[in-house]
Amino acid sequence: MVKTLPFADIQVPVPGFGAMGLSHGLGTNLSLEEAEPVLLKAIELGCTFWDTAVVYGAGVNEKLLGDFIRKHNVRDKLFIASKCGFDIKKGSVTGGVTNSPAHIKEYIDETIERLGFTPDLYYIHRIDPKTPLEDSIPALDEIRKAGKTKYIGLSECSAKTLRKANSIAKIDAVQAEYSAFETIHETDGLIDTAKELGVAYVAFSPLGHGWLVDDSNFKSPDDFAPDDFRRTVPKFQGENFYKNLAIVEEIKKLAAKKGCKTTQVALAWVAAQGMISIPGTTKAQRLEENFAATDIELTEEEKKEMRKIIDAAKPAGNRYNEAYQAMVGH
Ligand SMILES: NC(=O)c1ccc[n+]([C@@H]2O[C@H](COP(=O)([O-])OP(=O)(O)OC[C@H]3O[C@@H](n4cnc5c(N)ncnc54)[C@H](OP(=O)(O)O)[C@@H]3O)[C@@H](O)[C@H]2O)c1
């Protein structure tokens with residue numbers, strides 16, 4: 001039976017699917033034909049809560065999903081989230097963050113054009129400290145009222161921003177990092193605030209960017225492709241790479257005892273926190289393995305064991321380099 005979690009006024013199947021890595025950030029850029037097996041597998045299994053963003057390949061990822069959905073006529077089976085907030089016209093991520101009302105209004109229309117339909121959920125991807133929330137949030141609310149998205153959200157925001165934004169207009173979702181390998185938002189108030197306000201928490205990188213897996217593609221920091229963003233992340237560089245293997249080894253032992261995969265324990269852990277995870281993969285077989293986490297329940301004993309592992313193996317190194325770090329936490 002597929003597990004579901006509440007999202008605003010509906011239930012959604014978990015885990016969901018993060019489409020970023022098909023086109024952006026992880027050293028891969030797949031054509032429609034290359035992406036079809038993993039996307040068709042997701043449809044077949046009922047893994048239908050999908051995540052994309054304008055910045056992923058500067059529109060390429062949205063267009064890829066749009067082309068796939070049109071070709072297979074599967075719009076009605078899917079919940080599609082996208083995000084604006086990076087000025088891709090000045091250069092993908094390097095164009096910088098902007099949340100001006102003009103940006104939001106222009107980018108939602110371009111998202112709709114690339115997808116071929118209105119998304120279910122539209123987030124602001126990063127918070128622009130130069131634009132007051134009193135300007136950006138009403139603009140986001142306006143596109144919801146105009147029917148250009150059903151739900152609205154914020155990504156990588158602080159607890160304070162979430163609270164203030166939600167006082168201006170109802171925020172349906174917050175998207176932020178969470179995994180057994182990255183629990184920073186347990187202590188900075190974001191998770192507690194989302195719970196208190198009834199805002200759904202969508203956990204990105206729930207496998208710790210491919211860290212909490214049995215068969216890692218990466219045996220050393222040199223194995224990341226030249227354009228893989230993990231090359232720039234302190235957690236995955238130098239001696240941190242080797243120190244941070246400790247957590248994987250411990251979760252592997254727990255998974256072996258339970259008779260399942262490390263990824264499945266990692267994803268079941270996120271679901272046990274009431275969060276909607278959106279793991280990414282470019283491979284159909286891995287999507288099947290990951291989505292099978294929907295059937296994995298951790299016992300109270302196993303949850304205690306996971307908590308012990310997480311507390312003992314806090315990651316060494318920041319989750320972003322300095323340039324990216326400057327864009328988060330606002
Ligand atoms: N809001 C934000 O700012 C933000 C930031 C980052 C990510 N996200 C969203 O979150 C999604 C997921 O994040 P993510 O891709 O960074 O991290 P992730 O889901 O934690 O990990 C993805 C990585 O894990 C590997 N992988 C997946 N399943 C595997 C398995 N069963 N065995 C071995 N390796 C496996 C994938 O490689 P293969 O492709 O080779 O399988 C890929 O390199 C993204 O697609 C995006 O939608 C949002």
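Thresholds applied
- Throughout, residues of each chain are indexed from 1 in the direction in which the sequence is written.
- Where totals are concerned, whole chains, interfaces and linings use all residues; where local detail is concerned, this predicted model gives features only for residues with pLDDT of at least 70, and gives and counts side-chain atom pairs only at 80 or more.
- With hydrogens and water stripped out, all remaining heavy atoms of the structure feed into the side-chain values.
- Put simply, DSSP marks the helices as runs of H or I at least four residues long and the strands as runs of E at least two long, and each gets a number from the N terminus on.
- Each radius of gyration reported is based on C-alpha atoms, and the globular scaling rule is 2.2 Å times the count of residues to the power 0.38.
- The cut-offs for exposure are 20% and 50% of the maximum accessible area for each residue type, with area from a 1.4 Å probe on protein chains only; residues under the lower value are buried, those over the upper are exposed, and the others partly exposed.
- Residue contacts follow a heavy-atom distance rule, with two residues in contact if any of their heavy atoms lie within 4.5 Å.
- In summary, the charge assignment counts Lys and Arg as positive and Asp and Glu as negative, without counting His or the chain termini.
- By convention, the charge on Lys lies at NZ, on Arg at CZ, on Asp at CG and on Glu at CD.
- Near residues are defined by distance, with any heavy atom within 4 Å of the molecule or strand qualifying the residue.
- Whenever two N or O atoms come within 3.5 Å, that pair is a polar contact, provided that in protein one can donate a hydrogen and the other can accept it, and provided that, for residues adjacent in sequence, both atoms are side-chain atoms.
- For the accessible areas, the method is Shrake-Rupley and the probe is 1.4 Å, while residue cover comes only from the protein chains on display.
- Just to be clear on terms, a salt bridge is a Lys or Arg side-chain nitrogen sitting within 4 Å of an Asp or Glu carboxyl oxygen.
- The span you would expect from a helix comes to 1.5 Å times its residue count less one.
- Two strands are counted as paired when DSSP detects at least two bridges linking them.

As named in an unreviewed UniProt entry, the protein is NADP-dependent oxidoreductase domain-containing protein, taken from Kwoniella newhampshirensis.

Moving on, we get to the overall build of the protein. When helices and strands are counted, the protein shows 13 helices and 10 strands. Against the compact-globule benchmark of 20 Å for 330 residues, the protein has a radius of gyration of 19 Å, which places it among compact chains. Along the longest, intermediate and shortest principal axes, the C-alpha atoms of the protein span 50 × 40 × 40 Å. In the protein, buried positions account for 58% of the 330 residues. In the protein, the share of contacts with a sequence separation of at least 24, taken over all contacts with a separation of at least 6, comes to 75%. Taken together, the 41 basic and 47 acidic charged side chains of the protein have centroids lying 1 Å from each other.

Let us look at the site of the ligand. Near the ligand, the surroundings consist of 32 residues, among which D51, L207, T281, T282 and K283 are the closest. Between the ligand and T282, the relevant distance is 2.7 Å, taken from an oxygen atom to a side-chain nitrogen or oxygen of the residue. Calculation on the ligand without its partners gives an accessible area of 900 Å², and the protein chains cover 95% of this total. Ranked by residue count, the leading element in the shell around the ligand is helix 11 (residues 284-291), at 3 residues.

This part covers the pattern of salt bridges. On inspection of all chains with the given rule, the structure shows 33 salt bridges. We note a salt bridge from D120 to R75, for which the minimum N-O separation is 3.0 Å. Here D120 is found in the loop between helix 3 (101-115) and strand 6 (121-124), whereas its partner R75 is found in the loop between helix 2 (60-72) and strand 5 (79-84), with 45 residues between them in sequence. For D120, a relative accessible area of 5% corresponds to the buried category. Linking E177 and R319 is a salt bridge whose minimum nitrogen-to-oxygen distance equals 3.0 Å. Note that E177 is positioned in strand 8 (residues 173-177) and R319 in the loop between helix 12 (300-312) and helix 13 (322-325), a separation of 142 residues in sequence. The buried category is assigned to E177, whose relative accessible area is 1%.

In this model, helix 2 (13 residues) spans 18 Å end to end at C-alpha, consistent with the 18 Å of a helix rising 1.5 Å per residue. Those residues of helix 2 lying buried are N61, E62, L64, L65, G66, F68 and I69. Looking at the buried positions of helix 2, the neighbouring elements they touch are helix 1 (32-45), strand 4 (49-51), strand 5 and helix 3. Once helix 2 ends, the next one or two residues include N73, with phi positive near 55°.

So, about the environment of A58. Among the secondary structure elements, A58 is positioned in the loop between strand 4 and helix 2. For A58 and T263, which are 205 residues apart along the polypeptide, the C-alpha to C-alpha distance reads 29 Å. Once residues lying within four places of it in the same chain are set aside, the contact partners of A58 are I88 and S92.

Along strand 1 (residues 4-7), the buried face is formed by L5 and F7; none of T4 and P6, which line the opposite face, is buried. Between strand 1 and strand 2 (residues 10-13), which pair antiparallel in sequence order, lie 2 residues; one of them, A8, sits at a positive phi of approximately 50°.

With that settled, consider the sheet that holds strand 10 (residues 276-277). On the basis of which strands lie adjacent, the open sheet formed by 8 strands has the order 3-4-5-6-7-8-9-10 and parallel pairing. The open sheet has two edge strands, strand 3 (17-18) and strand 10, and neither has a second partner. Strand direction decides the pairing type here: strand 6 and strand 7 (residues 151-155), joined by 4 bridges, are parallel. Opposite L121, over in strand 7, you have Y151 as the bridge partner.

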